[in-house]
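Observations on the three-dimensional arrangement
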Amino acid sequence: MTKETLKEKILFFIENNRKKSFSMEEIAEGLGFQKSEDFKLLVQTIAQMEREQSVVFTKKGKVKLPLQPILVEGIFRANERGFGFVTIDPEEDDIYIPKEATGYAMDGDTVAIDIIKTADTFMDRGAEGKVMEIRQRAVTQLAGEFVAYTDEEIKETDLYGVVIPKDKKMSHFKVYAAAEGVRPVDGSIVLIELTHYPEKSYATSLEGIIKQVIGHKNDPGMDILSIVVANGIPTKFPDDVLSEADAVPDAISEKDLIGRRDLRDQMIVTIDGEDAKDLDDAVTVKKLANGHYFLGVHIADVSYYVTEGSQLDREAYERGTSVYLTDRVIPMIPQRLSNGICSLNPHVPRLTMSCEMEIDGTGKVISHEIFPSVIQTSERMTYTAVNQILEEQDEETMQRYEALVPMFEAMKELHEILEMMRIRRGAISFEDREARILVNPEGHPLDIQLRSRGVGERLIESFMLAANETVAQHYSDRKFPFIYRIHEQPKEEKMQRFFDFASALGILVKGTKGTITPKDLQKVIEQVEDKPESAVINTMLLRSMQQARYSEDNFGHYGLAAEYYTHFTSPIRRYPDLIVHRLIRSYGEDPSESNQSYWASELPEIADHSSKMERRAVETEREVDSMKKAEYMLDKVGEEFDGIISSVVKFGLFIELPNTVEGLIHINELKQDYFHFIENHLALVGERTGLTFKIGQKVRVKVVKADPVERAVDFELISAEEVTSLEKPQARKNGKDKNQQRSRDRRSDKNKRPKRSDEKRSGKKGSGKKGKKPFYKGIKNKKKKK
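Residues numbered from 1 in each chain as written. Predicted model: local features only at pLDDT ≥ 70, side-chain atom pairs only at ≥ 80, totals over all residues. Heavy atoms only, no water.

Secondary structure assignment for the protein yields 21 helices and 34 strands. Put simply, the protein has 786 residues, and 49% of those count as buried. Within the protein, contacts between residues at least 6 apart in sequence are counted, and of these 67% link residues at least 24 apart. Here the protein has roughly 40,200 Å² of accessible surface; of this, 48% comes from carbon and sulfur atoms. For the protein, the distance from the average site of its 117 positive side-chain charges to the average site of its 131 negative ones is 9 Å. (Helix = DSSP H or I, 4+ residues; strand = E, 2+ residues; numbered from the N terminus. Buried < 20%, exposed > 50% of the residue type's maximum accessible area, 1.4 Å probe, protein only. Contact = heavy atoms within 4.5 Å. Areas by Shrake-Rupley, 256 points an atom, 1.4 Å probe, with all protein chains shown as cover. Lys, Arg positive; Asp, Glu negative; His and termini not counted. Charge placed at Lys NZ, Arg CZ, Asp CG, Glu CD.)

The UniProt record marks residues 638-718 with the feature "domain: S1 motif" (unreviewed entry), using the residue numbering of this structure. Structurally, residues 638-718 comprises 0% helix and 59% strand, and the distance from its first C-alpha atom to its last is 12 Å. (UniProt positions renumbered as here; feature names shortened; annotations may be inferred.)

Relative orientation of the contacting elements helix H10 (residues 383-390) and helix H13 (residues 455-477) amounts to 105°, with a least axis distance of 7 Å. In terms of their interaxial angle, H10 and H13 are classed as roughly perpendicular. For the pair H10 and H13, contact is made by Tyr383, Val386, Asn387 and Leu390 and by Val455, Gly456, Glu457, Leu459 and Ile460, respectively. A breakdown of the residues in the contact of H10 with H13 according to their chemical character gives six nonpolar, two polar and one charged. (Axes fitted to C-alpha atoms, helices over the stretch in contact; angles between N-to-C directions. Parallel < 35°, antiparallel > 145°, perpendicular 65-115°, else oblique. Nonpolar A, V, L, I, M, F, W, Y, C, P; charged D, E, K, R; others polar.)

Turning next to the sheet that holds strand E2 (residues 56-57). Sheet strands pair via backbone hydrogen bonds, and the direction of the pair is either parallel or antiparallel. Read across the sheet, three strands follow the order E1-E3-E2 without closing on themselves; strand pairing throughout is antiparallel. Since the sheet does not close on itself, it has two edges, and those belong to strand E1 (21-22) and E2, each with one partner. Judged from the two bridges that link them, E1 and strand E3 (residues 63-64) form a sheet pairing that is antiparallel. Looking at the pairing, serine 21 lines up with lysine 64 of E3. (Pairing = 2+ DSSP bridges.)

Here we come to the packing of helix H8 (residues 311-319) against helix H18 (residues 593-632). Packing of H8 against H18 leaves a shortest axis separation of 8 Å and a crossing angle of 60°. When the axes of H8 and H18 are compared, the pair comes out oblique. For the pair H8 and H18, the contacting residues are Tyr317, Glu318 and Arg319 in the first and Glu605, Ile606, His609, Met613 and Arg616 in the second. When grouped by side-chain class, the residues that make up the contact of H8 with H18 number three nonpolar, one polar and four charged.

For the structure shown, the criterion picks out 33 salt bridges. The partner of glutamate 52 in a salt bridge is lysine 7, and the shortest N-O contact between them spans 2.9 Å. Note that glutamate 52 is positioned in the loop between helix H3 (36-51) and E2 and lysine 7 in helix H1 (residues 3-15), a separation of 45 residues in sequence. Residue classification places glutamate 52 among the partly exposed positions, given a relative accessible area of 44%. One network of salt bridges, with partners in common, ties together Glu73, Glu133 and Arg135. (Salt bridge = Lys/Arg side-chain N within 4 Å of Asp/Glu carboxyl O.)

Take the sheet that holds strand E30 (residues 675-678) next. Ordered in space as E30-E31-E32, the three strands form an open sheet in which the pairing is antiparallel. Every interior strand has two partners, whereas the edge strands, E30 and strand E32 (692-694), have only one. Pairs of neighbouring strands in the sheet enclose a mean axial angle of 20°, with direction left out of account. Here strand E31 (residues 683-686) runs beside E32; their pairing, made up of three bridges, is antiparallel. By the bridge assignment, alanine 683 is partnered in E32 with lysine 694.

Right under this line is the structure:
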């Protein structure tokens, strides 16, 4: 009998007995070992099993199985300094994973962990864990700049070169490109599929095969494209998707009108920005004889063309949303549809899904209908033209659209009624400045312009909100499975921090942290509207809010103070809206329990995936904006600007300029004093001088650095508005204590802007050839040993 077979017999014997531990004699008897040589083999085998940790000995010398750790699954989040955290439940605290216990997990990986230290609430210490298993890798491919090896180096290393990742979170990894597949030229932006991940002795090494050359780093627009690809957003539609799009007719036929209400005789308009090409919503308003208002919201019926299970549908699901970048749009559906048959272009018939409402003088929807329709818009209006009519009373514009002016005036009246209704119920309104970056044909930023929101923009928003709420309530009342846009109540701990912060500023907040209503928070904003504290209160309140998401369960929309809310109005660019349209059609044709059960099983995954794709798009848009703003500031290094402190953190001050460019003054550059971070005031306070910096404070700064690659701008403080000093922190006893504290502060700073790693800076030809043997050789040696 071999030792391997004997091991299996021993384990089977122990596992299938009621007793937990056994003497050597009991095992021998149980296995029927009578001979002395059998007993000797048994002792040797169990000794080996102990070394392999498949069995352990008790204090009394008995053999038992080791305790199996209870593994918990979660998502690993890496920190640049090596340690990490695992999120088990979004509602619970994360589990801290020390540097030596990460098991080579990478950011975003699904891992199984063992809890090695439980949380201690008395000591305010969280739980600590160890990664035992990596169950799913989050990153299977990445984009980056290719650094080519010479032919001699390729022959020696069996590598084409290295890839410098574009994703900043991956910048500390050295990515080796195996000498197979596509061989790019030096400086190419490539997509590499990973085949080997970090392991012992190669903790920051990856290996893969280059699958695609996206372009060259010097090509116009490649900087944006690199970010898009790095975030996993597809840049091209597959051929089968384009073929399906090409098969859709350019015009509607009589067959398409079956079962639709014909609204082509109504006065209906689209109102969008000048450069919009995918017009997916149209509106009409009229005053009724009873003093109420009739509002018709007509949305492009994309679900008629993008049918369930089609290639178009699968691609739209994967993308989740259109992505709007500085000089381009990456659409959710092919432009032949989004800018063609699905776009509500003027003077041509288009298929729509309509929500018609009767609204009284208080903003209450007293009756409504939701149905498929066909419309023909009377005019393609712009926000500029509507604002000229309603705000500027521009004679030329009013004369041009003379027949429509009375309807626009009724629209303004209804919008004001709806806006007041939302304010009365407590909707929270945050002033958010949007900027538009203007670029030349090569993609270089020329200017940053603030977008102003006139009555034209706001009335369309009011009408879309009304339609979204009406559709959501309609299907919630009928208890049909549905997809909602939810915004949950803030978490208690975040509200408590906000309460502490507000009270430190002398601001009274009514309500408790667990029951505070949107109306209570709205009153706080109104309380400080014209005070210097306004900016800081708005910032802190915004940080206290949860993130809106999609869900099959209706939890309401806290920020809008709406009991029911969905996304119905943009199916060209958002997949959940497309699903809402599909649900309307599906329930209209088949309201049976079996159809409801089908959708109840499908919607959770659709909601979760759509939320993830939305976050991916938002993050990509922010990264592109940050890069272009840093590029815009390149030729302004050395210039001075006025700004305000937009955020205060342990490691310094973030300053926002009037054009929305944000940059950092690092705490090390504040030479006036040694500064302490006072968290409950969001302020830095000088130890000796009491000099105070806090959110909303006006400053004068000089641009000292602008780095598009790092997407960062650095400022130097020239002067600051005087503000009331906060209480000075107690001075340190000696310089040594101060230096130690500074060192601790730097070490504990989770949010410090990451620097480019040494590996990234040294990504030159020959990198990885000399010194420590490359990652790939470790892999190959392992394979040989096996």
